[in-house]
Amino acid sequence: MIRIGNIPVAVVDGSGNQAFTGNITPILHEIRHALTRLADSGEPTTIDLSGIPFAPGERDALLERLGQGEIQATLQALGESRLYETAYPGVWVVIHKSPQDIELTAHIEVTRVPALLTTPLDDVREAADALAADLAEPTEQESA
Amino acid sequence: MSDNKTLGEHLRERGVSRRGFMKFCAATASLMALPPAMIPAIAETLQNARRPSVIWLSFQECTGCTESLTRSHAPTVESLIFDYISLDYHHTLQAASGEAAEQAREAAMKENWGKYLLVVDGSIPQRDGGVYSTIAGMTNLEMLQEVAKGAAAIVSVGTCAAFGGLPKADPNPTGAAAVSQIVTDKPIVNIPGCPPIPVAITGVLAQYLTLGKLPEMDHLGRPKAFYGQNIHDRCYRRPFYERGQFAETFDDEGAKKGWCLFKLGCKGPTTYNACATAKWNEGTSFPIQSGHGCIGCSEPDFWDAGGFYKALSVPIGDAAGAITAAAAAAAAAGLAAGAVNRYHKQVAQAAHEPLKVEELSREEKS
């Protein structure tokens, strides 16, 4: 009887001798142009990595090339999102995951700060109202 | 049934924060293959979108399309969309059965006449009055004609609904037909594939929710966002093709090194779909990445293409005449060699003639 453990299986390193698509360099040039645009006019750029064909391990190679900068943040909303600035200031990686920890999207944002990190104005207004309501309630010390 | 709440209200009620909503919109934009710059516009529109009624009819099919959708790898986004739409009738997913199910369909039709979205999977048998597939005593043909009358638009999910599918394979014993062969007075979008990629299904639904209209389509009625480019052009093995490195068998050195599968019958060059980028099973892989060529399942009549393991061979029809005429027309027009080769490719694709690697290479170089 053949047992599953007897089946010869070799784990191949995806970043090894696989052919890369050659998409890394064009994307890096796109980022370079986007940085110039951001510096000159303030216009941000977002690149959706999910729509770009990558060979196994190629996207990781791109992110490795971009490196890790000074800031990283996590967002807990409908699953975890990871946002970090790369070694190139102004170039951010934004990865959204589902509550099941499955990746939904991966974007490169060329911007001074990703929009998701700024507080929505409606939330600010609601926060002001909530704090005002909170202050209107006497604290335990005041009640005593 | 439909209610009057907007999607924004619906999500807020479920405790989704504004940042969570923006994340949802980012994922939706990615689903719809729309530029990320459109995310704020999508957020604005989705925030105020109303809950639409959807009636899903399953005809001559294998339920693979529903399996694809429910095994989708982005459960948050899709479940939110599907929680949000009012899926008023779906044989496989609804709890009701028998008369209660049919009453639900009729009630949904009456309440949303002219406004509901009709989703169809499966082909429609037409031979012998359509007796080969019936639901609640009605033939699929009758049910489609009845429900289509009140639909705002129709989404044909899977190659069966889009092009007739496997039931239409030669000799087509049931007279299977595509939705578009029967309903000709409604906007129809085809989402072919056997099964289709789930994000293509949900992307079209999301776009309908967002913009209230169907997406831009190609000449076969497929949304360009997902079917605008062929598998070959988006394939990570393309560099091997460019270098002329092909696997000759499934266990030779080339196969082990992940070389191009064209000679093993890969239909990537003539197949338009998003498998190479959207991928399957939580974004893990797609057939070519797993070592098997594309079988061209999102193209019409792919099962009659002369064999999955023959290099781009396709069924024999009136191909010979078409090719001769096309070649003569191309020569008469004085087209360049590359254009003629492209012409050959188009004709071969349309008429299912064998296409050789060398022909594709000549086209690439021209």
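Residues numbered from 1 in each chain as written. Chains lettered and ligands numbered in written order. Predicted model: local features only at pLDDT ≥ 70, side-chain atom pairs only at ≥ 80, totals over all residues.

Participant: Quick one: what's the story with the overall build of chain B, residue by residue and with numbers?
Facilitator: Within chain B one finds 18 helices and nine strands. When burial is assessed residue by residue, chain B has 48% of its 366 residues classed as buried. In chain B, the share of contacts with a sequence separation of at least 24, taken over all contacts with a separation of at least 6, comes to 70%. (Helix = DSSP H or I, 4+ residues; strand = E, 2+ residues; numbered from the N terminus. Buried ≥ 20, exposed ≤ 12 C-beta atoms within 10 Å, placed from the backbone. Contact = placed C-beta atoms within 7 Å.)

Participant: How would you explain the sheet that holds strand S2 (residues 86-90) of chain B if you had to name every residue and give the values?
Facilitator: Residue and element names in this part refer to chain B. Ordered by their spatial adjacency, five strands build an open sheet running S2-S1-S3-S7-S9, and the pairing between neighbours is parallel. Every other strand in the sheet has two partners, leaving S2 and strand S9 (188-191) as the edge strands with one partner each. For this sheet the average axis-to-axis angle between neighbouring strands, irrespective of direction, equals 20°. Two elements, strand S1 (residues 53-58) and strand S3 (residues 116-121), share five bridges in a ladder whose sense is parallel. Across the sheet, Val54 pairs through a bridge with Leu117, a residue of S3. Each of S1, S2 and S3 is contacted by helix H6 (residues 98-111), which is oriented at about 135° to S2, the strand it contacts most. (Pairing = 2+ DSSP bridges. Axes fitted to C-alpha atoms, helices over the stretch in contact; angles between N-to-C directions.)

Participant: An account of the interface of chain A and chain B is needed here, citing residue identities and associated values.
Facilitator: Often, the extent of an interface is quoted as the loss of accessible area upon association of its parts. Of the residues lining the interface, 32 residues belong to chain A; the matching set on chain B comes to 33 residues. Mapped onto the side of chain A that touches chain B, the elements with two or more residues apiece are strand S1 (45-48), strand S5 (103-110) and helix H3 (121-136) of chain A. Broken down by element, the side of chain A that touches chain B gets its largest block of residues, four residues, from S5 of chain A. Residue classes in the side of chain A that touches chain B are distributed as 14 nonpolar, 14 polar and four charged. (Nonpolar A, V, L, I, M, F, W, Y, C, P; charged D, E, K, R; others polar.)

Participant: Describe the domain arrangement of chain B, and please don't skip the residues or the numbers.
Facilitator: All names here are of chain B. Partitioning chain B into domains gives domain 1 (7-227) and domain 2 (231-365). Contacts between domain 1 and domain 2 engage 15 residues on the former and 14 residues on the latter. For the side of domain 1 that touches domain 2, the secondary structure elements donating two or more residues are helix H8 (158-163), helix H10 (198-211) and helix H11 (224-227). Of the residues contributing to the side of domain 1 that touches domain 2, the split by class is ten nonpolar, three polar and two charged. (Domains from an automatic or database assignment.)

Participant: Go over the pairing of strand S3 (residues 80-85) of chain A with me, naming the residues and quoting the values.
Facilitator: Residue and element names in this part refer to chain A. Examined bridge by bridge, strand S2 (residues 72-76) and S3 share five bridges and lie antiparallel to one another. Counterpart to Ala73 in the pairing with S3 is Leu83. Counting the residues in the hairpin turn of S2 and S3 gives three residues, including Leu78, whose phi is positive at 55°. Counting the residues between successive antiparallel strands, the hairpin from S3 to strand S4 (residues 91-97) contains five residues, one of them, Gly90, with a positive phi of roughly 95°.

Participant: Tell me about the confidence of the model for chain A, residues and numbers included.
Facilitator: Residues and elements named next belong to chain A. In this model, chain A carries an average pLDDT of 86, and 87% of its residues clear a pLDDT of 70 or more. Per-element confidence in chain A ranges from a low mean pLDDT of 75 for helix H4 (residues 140-143) to a high of 96 for S3. pLDDT under 50 marks residues 13-17. Its contacts with residues more than four places away, or in other chains, come to six contacts. (pLDDT = per-residue confidence, 0-100.)

Participant: Give a description of the nonpolar core that names residues and reports values.
Facilitator: Residues and elements named next belong to chain B. Counting residues in hydrophobic clusters, the biggest one holds 112 residues, and the most contacted among them are Ile55, Leu118, Val120 and Leu144. Mapped onto the domain boundaries, this core takes at least three residues apiece from domain 1 (7-227) and domain 2 (231-365). If we ignore the near neighbours within four places in the chain, the residues touching Leu144 are Leu57, Val120, Ile124, Val179, Ile182 and Val183. (Core = buried A, V, L, I, M, F, W, Y, C linked by C-beta atoms within 7 Å.)

Participant: How would you summarise the sheet that holds S1 of chain A if you had to cite specific residues and measurements?
Facilitator: Paired through their backbone hydrogen bonds, the strands of a sheet run either parallel or antiparallel. If you walk across this open sheet you meet the five strands as S1-S5-S4-S3-S2 (chain A), and the pairing is antiparallel. Looking at the sheet topology across the chains shown, the edges are occupied by S1 and S2 of chain A. Going across the sheet, the axis of each strand differs from the next one's by a mean of 20°, ignoring polarity. Across the sheet, helix H1 (residues 24-41) of chain A is in contact with S1, S4 and S5 of chain A; its angle to S5 of chain A comes to roughly 50°. Helix-sheet contacts for helix H2 (residues 18-31) of chain B involve S1, S2, S3, S4 and S5 of chain A, and the interaxial angle to S5 of chain A is about 95°.

Participant: Explain the pairing of strand S7 (residues 151-157) of chain B to me, and be specific about the residues and the numbers.
Facilitator: All names here are of chain B. Taken across its seven residues, S7 has five buried, putting it largely inside the fold. Relative to S7, S3 runs parallel, the two being bridged by six bridges. Paired with Leu117 across the bridge in S7 is Ala153. Sheet topology places S7 next to S9; four bridges connect them, and they run parallel. Within S9, the position partnered with Ser156 by the bridge is Asn190.

Participant: Summarise the environment of Gly283 of chain B; cite the residues concerned and give the values.
Facilitator: All names here are of chain B. Within the secondary structure, Gly283 is located in the loop between helix H15 (275-278) and helix H16 (319-332). You can call Gly283 partly exposed: it has 17 C-beta atoms within 10 Å. For the pair Gly283 and Asn172, spaced 111 residues apart in sequence, the C-alpha separation works out to 35 Å.

Participant: Describe H6 of chain B, naming the residues involved and giving the relevant values.
Facilitator: Residues and elements named next belong to chain B. When the terminal C-alpha atoms of H6 are compared, their 20 Å separation across 14 residues agrees well with the 20 Å that a helix rising 1.5 Å per residue should span. Within H6 the residues assigned to the buried category are Arg105, Ala108 and Met109. In a view along the axis of H6, the buried residues occupy a sector of 100°, so they form one face of it. In H6, those exposed residues whose orientation departs by more than 90 degrees from the buried face are Glu99, Ala100, Gln103 and Lys110. On its buried face, H6 is in contact with S1, S2, S3 and helix H7 (140-149). (Expected span 1.5 Å × (residues − 1). Arc of directions from axis to C-beta.)

Participant: An account of the confidence of the model for chain B is needed here, citing residue identities and associated values.
Facilitator: Residues and elements named next belong to chain B. Within chain B, residue pLDDT values average 80, and 80% of them lie at 70 or more. Within the model, pLDDT remains below 50 along residues 313-345, and this stretch shows 48 contacts once partners closer than five positions in the same chain are excluded. Contacts from residues 347-354, a stretch scored under 50 in pLDDT, to residues over four places away or in other chains number 24 contacts. Reported confidences for the modelled complex are a pTM of 0.73 and an ipTM of 0.77.

Participant: I'd like to hear about the environment of Lys310 of chain B, residue by residue, with values.
Facilitator: Residue and element names in this part refer to chain B. Of note, Lys310 is situated in the loop between H15 and H16. By C-beta crowding, Lys310 is classed as partly exposed, having 14 other C-beta atoms within 10 Å. As for Lys310 and Cys266, which are separated by 44 residues in sequence, their C-alpha atoms are 8.0 Å apart.

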